[in-house]
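Each chain, letter by letter, is given below.
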Amino acid sequence: MDKIDSRTLSVDALNERRRRAVKMRLDGVSLKDTVAQCEMSCTTVIAALKAHAEGGWRAVHHARPAVPQARGAR
């Protein structure tokens, strides 16, 4: 199975992966299995789980960071 580069996914698709990863961890699935099934890094899964613990399901939602605007020549 080919991995999908997360940078090409929509924010909604990324958030769905985060929600699924948190649900799997809460259901007792190992971190290793969660990472493999959700195609996410350990760091991302742990961050989503911590966000859920601190702020519930709304905190799991994550927006893609804004791209800084280019400044004109001065």
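On a predicted model such as this, the values are computed, not experimentally measured, just so you know.

Trainee: So what about the nonpolar core? Which residues, and what values?
Mentor: Core analysis: the largest hydrophobic core is formed by six residues, namely Ala21, Met24, Val35, Cys38, Met40 and Val45. At the level of elements, α1 (11-26) and α2 (31-38) are the ones that each hand at least two residues to this core.

Trainee: How would you explain the environment of Val45 if you had to name every residue and give the values?
Mentor: Relative to the elements of secondary structure, Val45 occurs in helix α3 (residues 42-55). For Val45, a relative accessible area of 2% translates into the label buried. Sequence separation of Val45 and Val35 is ten residues, and the distance between their C-alpha atoms is 7.1 Å. Residue contacts for Val45: discarding those within four places in its chain leaves Ala21, Arg25, Leu31, Thr34, Val35 and Met40.

Trainee: I'd love a proper account of the side chain of Arg18, names of residues and values included.
Mentor: Position of Arg18 relative to the elements: it lies in helix α1. Buried charge without a partner: Arg18 forms no salt bridge, and the closest opposite charge is Asp12, 9.0 Å away. Those residues in contact with Arg18 that lie beyond four places of it in its chain are Met40, Ala48, Val60 and His62.

Trainee: Describe unusual backbone geometry, with residues and values.
Mentor: The backbone phi angle of Glu39 is positive, close to 50°, even though this residue is not glycine. Within the secondary structure, Glu39 is located in the loop between α2 and α3. A residue is classified by how much of its surface remains accessible, and Glu39, at 14% relative accessible area, is buried.

Trainee: Tell me about the packing of α1 against α2, and name the residues and values.
Mentor: The contact between α1 and α2 brings their axes to 10 Å, and the two run at 155°. If you check the angle between α1 and α2, you find them roughly antiparallel. Here α1 runs over α2; the crossing is right-handed. Each of Arg17, Arg20, Ala21, Met24 and Arg25 in α1 lies in contact with α2, whose residues at this interface are Leu31, Asp33, Thr34, Gln37 and Cys38.

Trainee: Tell me about the packing of α2 against α3, and please be specific about residues and values.
Mentor: With their axes 9 Å apart at the nearest point, α2 and α3 run at an angle of 105° to one another. Relative to α3, the element α2 lies roughly perpendicular. From α2, Leu31, Thr34 and Val35 reach across to α3, where they touch Cys42, Val45 and Ile46. A class-by-class count of the residues in the contact of α2 with α3 yields five nonpolar, one polar and no charged.

Reading the values: rules and limits
Each chain carries its own residue numbering, running from 1 in the direction its sequence is written. Per-residue local features are limited, in this predicted model, to residues with pLDDT of at least 70; the limit for side-chain atom pairs, both in listing and counting, is 80 or more; totals at the level of whole chains, interfaces and linings are taken over all residues. Water and hydrogen atoms play no part in the side-chain values, which are based on all heavy atoms of the structure. As used here, the term nonpolar core means buried Ala, Val, Leu, Ile, Met, Phe, Trp, Tyr and Cys residues forming a set that is joined through side-chain atoms within 4.5 Å. We call a residue buried when its accessible area falls under 20% of the maximum for its residue type, exposed when it is over 50%, and partly exposed in between, using a 1.4 Å probe and counting protein chains only. Numbering goes from the N terminus for both helices and strands, where a helix is a DSSP run of H or I of at least four residues and a strand is a run of E of at least two. In this analysis, two residues are considered to be in contact whenever any of their non-hydrogen atoms come within 4.5 Å of each other. Charge convention: Lys and Arg are scored as positive, Asp and Glu as negative, and His as well as the terminal groups of each chain are ignored. Here, a salt bridge means any Lys or Arg side-chain nitrogen found within 4 Å of an Asp or Glu carboxyl oxygen. With axes taken as lines fitted to C-alpha atoms, and helix axes fitted only over the stretch in contact, angles between N-to-C directions fall between 0 and 180 degrees. For classification purposes, angles smaller than 35 degrees are called roughly parallel, those larger than 145 roughly antiparallel, those between 65 and 115 roughly perpendicular, and all remaining angles oblique. Helix crossings are classified by the rotation of the near helix relative to the far one: an anticlockwise turn of less than a right angle makes the crossing left-handed, while a clockwise turn makes it right-handed. Side-chain classes are defined by residue name, with Ala, Val, Leu, Ile, Met, Phe, Trp, Tyr, Cys and Pro counting as nonpolar, Asp, Glu, Lys and Arg as charged, and the others, Gly among them, as polar.

This is a description of form; function is not addressed.
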